Amino acid sequence: MMFGVPLFYIGILLVIIGSIGAAIILYDTTRNSDSFVLDDQYTKSISVKVKGSGIGFYTISLSNYQNDILAKVTDSHGNSLDIRKITNKVTVDYFRFNHDDQVTLELTNLSDKPVQVSGTIGDTRVKEVTIPAIMMFTGALILVFEGYKKLKNYITEHPDENRS
């Protein structure tokens, strides 16, 4: 016990505070979304402004499974940050960026029929989420350690009564 507060409660408090901190940071993340119908061989773009260096993300939801979409992430200088052919109904992928820039997700319909597409591109803010993640991890370790101690004490204090 530290200061009269059991470690178990400190672990729970760290997990709760870390979770709330991460939720606030992720809620306020920079992202841009759009939904549209892509005709065959047509391209549509979604852009977002990112700051510093970090890891970005994009999600793509398609109306059905029999589609081929080319997803390409580029910066304002035309450098390709990620390129991928999408055939799933829902796809999430990540890319790295190295400086303040406008990042664009270009979606091209490679199939021969129109496709309903929903796309989102944004910044994960991984550097800002690190401290809340460490708090949650530390709290979880404390909870596991305290649970192990309680279980170990329970087993040694209550031996099996059926032994002869």
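Cut-offs applied
- Residues numbered from 1 in each chain as written.
- Predicted model: local features only at pLDDT ≥ 70, side-chain atom pairs only at ≥ 80, totals over all residues.
- Heavy atoms only, no water.
- Pairing = 2+ DSSP bridges.
- Helix = DSSP H or I, 4+ residues; strand = E, 2+ residues; numbered from the N terminus.
- Axes fitted to C-alpha atoms, helices over the stretch in contact; angles between N-to-C directions.
- Contact = heavy atoms within 4.5 Å.
- Polar contact = N/O pair within 3.5 Å; in protein donor to acceptor, adjacent residues only side chain to side chain.
- Core = buried A, V, L, I, M, F, W, Y, C linked by side-chain atoms within 4.5 Å.
- Buried < 20%, exposed > 50% of the residue type's maximum accessible area, 1.4 Å probe, protein only.
- Phe/Tyr/Trp six-rings, centres within 6.5 Å; stacked < 30°, edge-to-face > 60°.
- Lys NZ or Arg CZ within 6 Å of the ring centre and 35° of its normal.

### Considerations on the sheet that holds strand β3 (residues 54-62)
At step 1: Spatially, four strands are ordered β1-β8-β3-β6 in an open sheet, and the strand pairing comes out antiparallel. Strands at the two margins of the open sheet, each flanked by one partner only, are β1 (31-38) and β6 (90-97). Each strand axis lies, on average, 15° off the axis of its neighbour in the sheet, ignoring direction.
At step 2: Two elements, β1 and strand β8 (residues 115-123), share eight bridges in a ladder whose sense is antiparallel.

### Observations concerning the environment of serine 76
At step 1: In this structure, serine 76 sits in the loop between β4 (69-74) and β5 (80-86).
At step 2: A sequence separation of 57 residues divides serine 76 from serine 19, and the C-alpha atoms of the two residues are 34 Å apart.
At step 3: In this view, serine 76 contacts Asp101 and Gln102; residues no more than four positions away in its chain are not counted.
At step 4: A polar atom in the side chain of serine 76 sits 2.4 Å from the side chain of aspartate 101.

### Here we look at the nonpolar core
At step 1: Tyr58, Ile60, Leu105, Leu107, Val117 and Ile121 are the most contacted members of the largest nonpolar core, which has 20 residues in total.
At step 2: For this core, the secondary-structure elements that each account for two or more residues are β1, β2 (43-50), β3, β4, β6, β7 (101-109) and β8.

### Some thoughts on the sheet that holds β2
At step 1: As summarised here, the arrangement of the four strands in space is β2-β7-β4-β5, forming an open sheet in which the pairing is antiparallel. The strands lining the two open edges of the sheet, one partner per strand, are β2 and β5. Pairwise comparison of adjacent strand axes, ignoring direction, gives a mean angle of 15° for this sheet.
At step 2: Across eight bridges, β2 lies against β7 in antiparallel orientation. Residue pairing in the sheet places serine 45 in a bridge with glutamate 106 of β7.

### As for the packing of aromatic side chains
At step 1: This structure, assessed with the given rule, holds three aromatic pairs.
At step 2: Both rings, one in phenylalanine 8 and one in tyrosine 9, keep their centres 5.7 Å apart while their planes meet at 75°; by these two values the pair is edge-to-face.
At step 3: The class of phenylalanine 8 is partly exposed, set by a relative accessible area of 37%.
At step 4: Between tyrosine 58 and phenylalanine 95, the aromatic rings sit 6.4 Å apart at their centres with planes inclined by 25°, giving stacked as the arrangement. Pair noted here: tyrosine 58 is in strand β3 and phenylalanine 95 is in strand β6, with a separation of 37 residues, a long-range link.
At step 5: With a relative accessible area of 0%, tyrosine 58 lands in the buried category.
At step 6: Phenylalanine 95 sits in the buried class, given a relative accessible area of 3%.
At step 7: In textbook terms, an aromatic cluster arises when at least three aromatic residues are bridged by ring pairs, as seen for Tyr58, Phe95 and Phe97.
At step 8: One Lys or Arg, lysine 44, reaches over the ring of phenylalanine 36 and ends 5.7 Å from the middle of that ring.

Note that all results are geometric; they support no functional claim without further evidence.
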